[in-house]
Amino acid sequence: MCGIAGFWDAGATTKNPESVLRSMANAIRHRGPDDFGLWHDPVAGLGFAHQRLSIQDLSELGHQPMKSPSGRYTIIFNGEVYNFLSLRAELESSGYKFYGHSDTEVILALFEQKGVKEALKAMVGMFAIALWDNFEKKLYLMRDRFGEKPLYYGVSQGVLLFSSELKAIRAHPCFNNDIDKDVLSTYLRFNYVPTPYCIYKGFRKAVPGTYIVFKGDNFLEPECINYWSVVDDANSPRDSFSGDDHRAIEKLEQVLLDTISDKMIADVPLGAFLSGGVDSSTIVALMQKQSSRKVRTFSIGFHEDEYNEAQFAKEVASYLNTEHTELYVTPEMAQSIIPELPLIYDEPFADVSQIPTYIVSQLARQHVTVALSGDGGDELFGGYTRYSWATSIWRAMRNIPLPARLAAQSLISGVSVERWNSIADALSPLTPARFKQSHPGDKLHKLAGVLGSKNHFDVYHYLVSQCKKPDSLVAGGCELSTVLNESSVWGALSDFSEQMMLMDQLSYLRDDILTKVDRAAMAVSLETRVPFLDHRVTQFAWRLPAALKVRDGKGKWILRQVLYRHVPEQLIERPKTGFGVPIAEWLRKDLRDWAESLLSHAALAAPGCWNVDAVREKWKEHVTGKRNWWYEMWGVLMFQAWRFSIDDSFASSSKEYGREVETNA
């Protein structure tokens with residue numbers, strides 16, 4: 001695992017280019033502290049920088065940037081290609097000679113032998129790659145199929161900049177830090193910035209499963225080419241396992257064993273995250289089945305029972321006989337991480353499980369350099385409760401005329417949240433315990449939002465929206481279209497639950513889950529590997545009939561059957577607590593002073609991004625307990641904290657604005 005960065009300055013405006021490359025690389029040194037390399041072609045005006053975390057071939061023969069023997073290609077590469085040994089054997093059989101043992105040397109040879117597109121199709125792995133073709137004077141930027149590894153690019157002052165993280169791009173003297181307010185609105189909708197957008201004007205994220213070709217100095221109109229698409233897999237014919245569940249379970253287990261075997265290849269210590277849930281327990285069980293030594297496993301716990309899964313992870317670890325390490329997190333420990341989050345995530349990002357993810361990565365890095373993760377299981381095998389819930393609620397709603405539903409929506413919304421809460425409090429002595437809810441007014445208003453859905457697409461969009469009306473909070477912002485708005489993608493499948501799985505794979509999985517894990521792990525120089533996102537696994541999952549994924553209202557049916565071959569069912573089947581922290585209450589208590597400093601009139605008004613009164617009103621309602629707006633407020637806070645942390649002029653202007661307010665008052 002590594003960090004890559006570079007620029008193409010055809011006009012040669014970059015002064016001291018090698019010094020600039022060093023600065024860009026230093027900004028992402030955490031991604032690869034073991035080695036540094038740079039390469040600059042003064043004729044082309046092109047520069048590459050690389051920070052290496054040594055995983056395969058720890059010798060100098062794995063050093064990057066790396067040139068092909070012919071001199072045609074120069075590469076910088078972040079990631080792992082898991083099938084590099086079989087690719088190497090294939091190339092050697094055709095007479096190709098290798099000098100080292102790294103996967104970088106193999107894929108460089110693959111580009112020479114097969115060309116870019118065919119080489120990418122042959123690779124199994126996670127990666128972000130910059131490749132310079134010195135013969136044709138073309139620059140290629142490539143990203144893996146699901147987007148496990150990040151890659152940003154854009155043009156600023158006529159210079160093409162690219163990197164694993166925005167930190168390196170900001171280090172180039174030609175970078176402009178203009179915020180895109182439309183992207184800010186879109187970020188608030190989901191609490192992450194969806195691909196292909198970037199928070200900075202003029203910059204984008206490379207789309208997973210594509211490569212981008214730049215040639216000459218026409219940086220503004222590159223060619224973007226698909227080499228793989230999950231939509232194609234989703235459209236593949238379903239295998240017939242009717243009446244033969246055993247055969248389907250056998251086949252899935254073998255596919256998982258094969259891919260996990262690939263992910264266990266490393267020249268450094270290796271382990272796995274273990275929460276005690278279906279996904280991580282399956283990964284660890286199949287790792288242990290193939291290992292002659294105890295697998296290292298890591299989990300964290302909370303003293304609050306509603307957030308704690310550590311005891312379940314410990315039981316699974318004990319049964320599988322892993323070498324288990326756990327850490328119980330105090331509120332003080334978790335809260336101490338919060339000021340670091342903007343620098344870790346580098347672009348506004350507001351999934352609160354970023355906090356425990358960072359802590360468990362810190363814990364694992366004390367013992368291993370590589371950790372396997374169970375991410376992706378929910379999206380592939382129908383694990384989220386919203387898949388069955390949304391399907392059921394739409395089935396119940398769709399035959400009710402829209403005017404009737406809109407009337408019910410108006411009726412519910414017409415009663416304030418506070419009034420609904422008061423009614424619930426008054427009825428509490430008569431209400432059975434199983435029907436009692438926290439913040440009942442909020443939940444009724446959310447139900448009202450779903451009732452207004454014109455179709456099942458609207459139901460899904462509403463359920464995945466963290467902020468329902470982001471444009472009301474952003475001054476001059478207008479939400480952008482995302483993959484969720486592409487009717488052609490929705491139409492690829494007829495089953496609503498599978499449509500939601502596909503949408504999650506194209507959005508939430510890659511832009512939230514994978515972003516969260518990559519930045520948290522790489523901040524402590526830990527490589528994470530995600531076996532479920534090996535495209536051989538995803539292709540098999542899409543060939544399965546929906547009934548093997550969700551059965552009797554329970555998701556991940558077939559994955560559970562694989563797991564129960566190795567772990568007793570009673571260790572797994574329990575209510576899921578989630579991987580989060582009590583942010584809503586912390587904002588009202590322990591974190592209130594920190595939040596107030598970022599949400600003051602001065603702090604909100606200085607950058608000109610916010611409708612200050614609207615944000616302040618929501619904040620006031622949250623801290624008083626009148627409404628529960630923590631999703632929206634956490635999104636605003638993470639943007640504010642990020643902006644303060646990376647932009648001194650923003651902080652200075654905020655202080656100056658505050659002084660003006662005090663003077664005028």
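Residues numbered from 1 in each chain as written. Predicted model: local features only at pLDDT ≥ 70, side-chain atom pairs only at ≥ 80, totals over all residues. Heavy atoms only, no water.

Describing the overall build of the protein
Applied cut-off: Here a strand is any run of E in DSSP of at least two residues, a helix any run of H or I of at least four, and the numbering for each starts at the N terminus. Atoms counted for the radius of gyration: C-alpha only. Globule rule: 2.2 Å times the number of residues to the power 0.38. Categorising residues by exposure relies on relative accessible area from a 1.4 Å probe, with only protein chains included: less than 20% of the type maximum marks a residue as buried, more than 50% marks it as exposed, and the intermediate range marks it as partly exposed. Contacts were defined at the residue level, with two residues in contact if any of their heavy atoms lie within 4.5 Å. By the counting scheme adopted, Arg and Lys are positive, Glu and Asp are negative, and His together with the chain ends is not counted. Working definition for charges: the position is that of NZ of Lys, CZ of Arg, CG of Asp or CD of Glu.
Within the protein, the regular secondary structure consists of 30 helices and 17 strands. Relative to the 2.2 N^0.38 estimate, which gives 26 Å for 665 residues, the radius of gyration of the protein is 25 Å and therefore close to what a compact globule would have. Along the three orthogonal principal directions, the C-alpha set of the protein runs to about 80 × 75 × 45 Å. Each of the 665 residues in the protein was classed as buried or not, and the buried ones make up 59%. Contacts in the protein between residues far apart in sequence, at least 24 positions, make up 73% of those at least 6 positions apart. Across the protein, the 72 positively charged side chains and the 82 negatively charged ones have centroids separated by 3 Å.

Let's talk about the sheet that holds strand E6 (residues 125–133)
Whether parallel or antiparallel, the strands of a sheet pair through hydrogen bonds between backbone atoms. Formally: Pairing between two strands is assigned when DSSP locates at least 2 bridges connecting them. To obtain an axis, a line is fitted to C-alpha atoms, over the contacting stretch when the element is a helix, and the angle between two such axes runs from 0 to 180 degrees between their N-to-C directions.
Spatial ordering of the open sheet is given by E4-E5-E6-E7-E11-E12, a layout of 6 strands whose pairing is antiparallel. On the outer flanks of this sheet lie strand E4 (66–67) and strand E12 (223–226), each paired with one strand and no other. Direction of pairing for strand E5 (residues 73–81) relative to E6: antiparallel, over a ladder of 9 bridges. From the neighbouring strand, threonine 74 faces E6, where its bridge partner is tryptophan 132. Against the sheet, helix H3 (residues 103–114) contacts E4, E5, E6 and strand E7 (138–143), and its axis sits at roughly 125° relative to E5.

Brief notes about unusual backbone geometry
The amide bond that connects glutamine 64 to the next residue, proline 65, takes the cis arrangement and shows omega of 0°. Following the sequence through the fold, proline 65 ends up in the loop between strand E3 (46–52) and E4. Cis rather than trans, the peptide bond between threonine 195 and proline 196 has omega equal to 10°. By the element assignment, proline 196 lies in the loop between helix H6 (181–190) and strand E10 (203–205).

So, the environment of serine 497
Note the cut-off: Here a polar contact is recorded for every N or O atom pair within 3.5 Å, except that within protein the pair must consist of a potential hydrogen donor and a potential acceptor, and residues adjacent in sequence are included only if both atoms are side-chain atoms.
Along the chain, serine 497 turns up in helix H21 (residues 496–506). In this structure, the C-alpha to C-alpha distance between serine 497 and serine 392, residues 105 residues apart in sequence, is 10.0 Å. Other than its neighbours up to four places away in sequence, serine 497 contacts Tyr387 and Thr391. Reaching out from serine 497, the side chain makes a polar contact with the side chain of aspartate 495 at a distance of 2.3 Å.

Topic: the side chain of glutamate 105
This is how it is decided: Each reported salt bridge corresponds to a side-chain nitrogen of Lys or Arg within 4 Å of a carboxyl oxygen of Asp or Glu.
Within the fold, glutamate 105 resides in helix H3. Although glutamate 105 is buried, it makes no salt bridge; arginine 88 carries the closest opposite charge, 4.8 Å away. There is a polar contact of 2.8 Å between the side chain of glutamate 105 and the backbone nitrogen of tyrosine 99.

What about the pairing of E6?
Within E6, 9 of the 9 residues are buried, leaving the element largely enclosed by the surrounding structure. Residues Gly125, Phe127, Ile129, Leu131 and Asp133 of E6 are buried on one face, and the alternating residues Met126, Ala128, Ala130 and Trp132, pointing to the opposite face, are buried as well. The pairing of E6 with E7 spans 6 bridges and is classified as antiparallel. If you follow alanine 130 over to E7, its bridge partner there is leucine 141. With antiparallel pairing between neighbouring strands as the criterion, E6 and E7 make up a hairpin whose turn holds 4 residues, including lysine 137 at a positive phi of roughly 55°.

What about the confidence of the model for the protein?
Quick note on the threshold: pLDDT: the predictor's confidence for each residue, scored from 0 to 100.
Per-residue confidence for the protein gives a mean pLDDT of 90; residues scoring 70 or more make up 94%. Counting contacts from residues 649–665, a segment whose pLDDT is below 50, to residues more than four positions away or on other chains yields 15 contacts.

Details of helix H8 (residues 245–263)
Basically, it comes down to this: Take the number of residues in a helix, subtract one, and multiply by 1.5 Å to get its expected span.
The first and last C-alpha atoms of H8 sit 27 Å apart over 19 residues, in line with the 27 Å expected at 1.5 Å per residue. When we look at burial in H8, the residues that qualify are Ala248, Ile249, Leu252, Glu253, Val255, Leu256, Leu257, Thr259, Ile260, Asp262 and Lys263.

A word on the packing of helix H16 (residues 402–414) against helix H18 (residues 440–451)
Spelled out, the test is: Every angle not falling under 35 degrees, over 145, or within 65 to 115 is termed oblique; those three ranges are roughly parallel, roughly antiparallel and roughly perpendicular. Handedness of each helix crossing follows the sense of rotation of the near helix against the far helix: counterclockwise by less than a right angle gives left-handed, clockwise gives right-handed. Gly is placed with the polar residues, together with every amino acid not listed as nonpolar (Ala, Val, Leu, Ile, Met, Phe, Trp, Tyr, Cys and Pro) or charged (Asp, Glu, Lys and Arg).
For the pair H16 and H18, interaxial distance at closest approach is 8 Å and the crossing angle is 160°. Put simply, H16 runs roughly antiparallel to H18. Two packed elements cross with a definite hand, and for H16 against H18 that hand is left-handed. Seen from H16, the contacting residues are Arg405, Ala408, Gln409, Ile412 and Ser413; seen from H18, they are Leu444, His445, Ala448, Gly449 and Leu451. Here the contact of H16 with H18 is composed, by residue class, of 5 nonpolar, 4 polar and 1 charged.

With respect to the pairing of strand E2 (residues 35–41)
The alternating pattern of E2 places Asp35, Gly37, Trp39 and Asp41 on a buried face and Phe36, Leu38 and His40 on a face that is not buried. Where E2 lies against E3, 7 bridges are found, and the strand directions are antiparallel. Bridge pairing in E3 places phenylalanine 36 opposite glutamine 51.

Considerations on the packing of aromatic side chains
Under the convention used in this document: Paired rings are identified among Phe, Tyr and Trp, the last through its six-membered ring, by centres lying within 6.5 Å, and are further divided according to the angle between planes into stacked (under 30 degrees), edge-to-face (over 60) and tilted (the rest).
Counting across every chain of the model gives 22 aromatic pairs. Ring centres of tyrosine 460 and tryptophan 490 lie 5.5 Å apart, and the angle between their planes is 75°; on these two criteria the pair is classed as edge-to-face. Of this pair, tyrosine 460 sits in helix H19 (residues 456–463) while tryptophan 490 sits in helix H20 (residues 487–490), and the two are 30 residues apart along the sequence. What makes tyrosine 460 buried here is its relative accessible area of 1%. On the basis of relative accessibility, which here comes to 2%, the residue tryptophan 490 falls in the buried class. With a centroid separation of 5.9 Å and an interplanar angle of 50°, the aromatic rings of tryptophan 594 and tryptophan 634 are classed as tilted.

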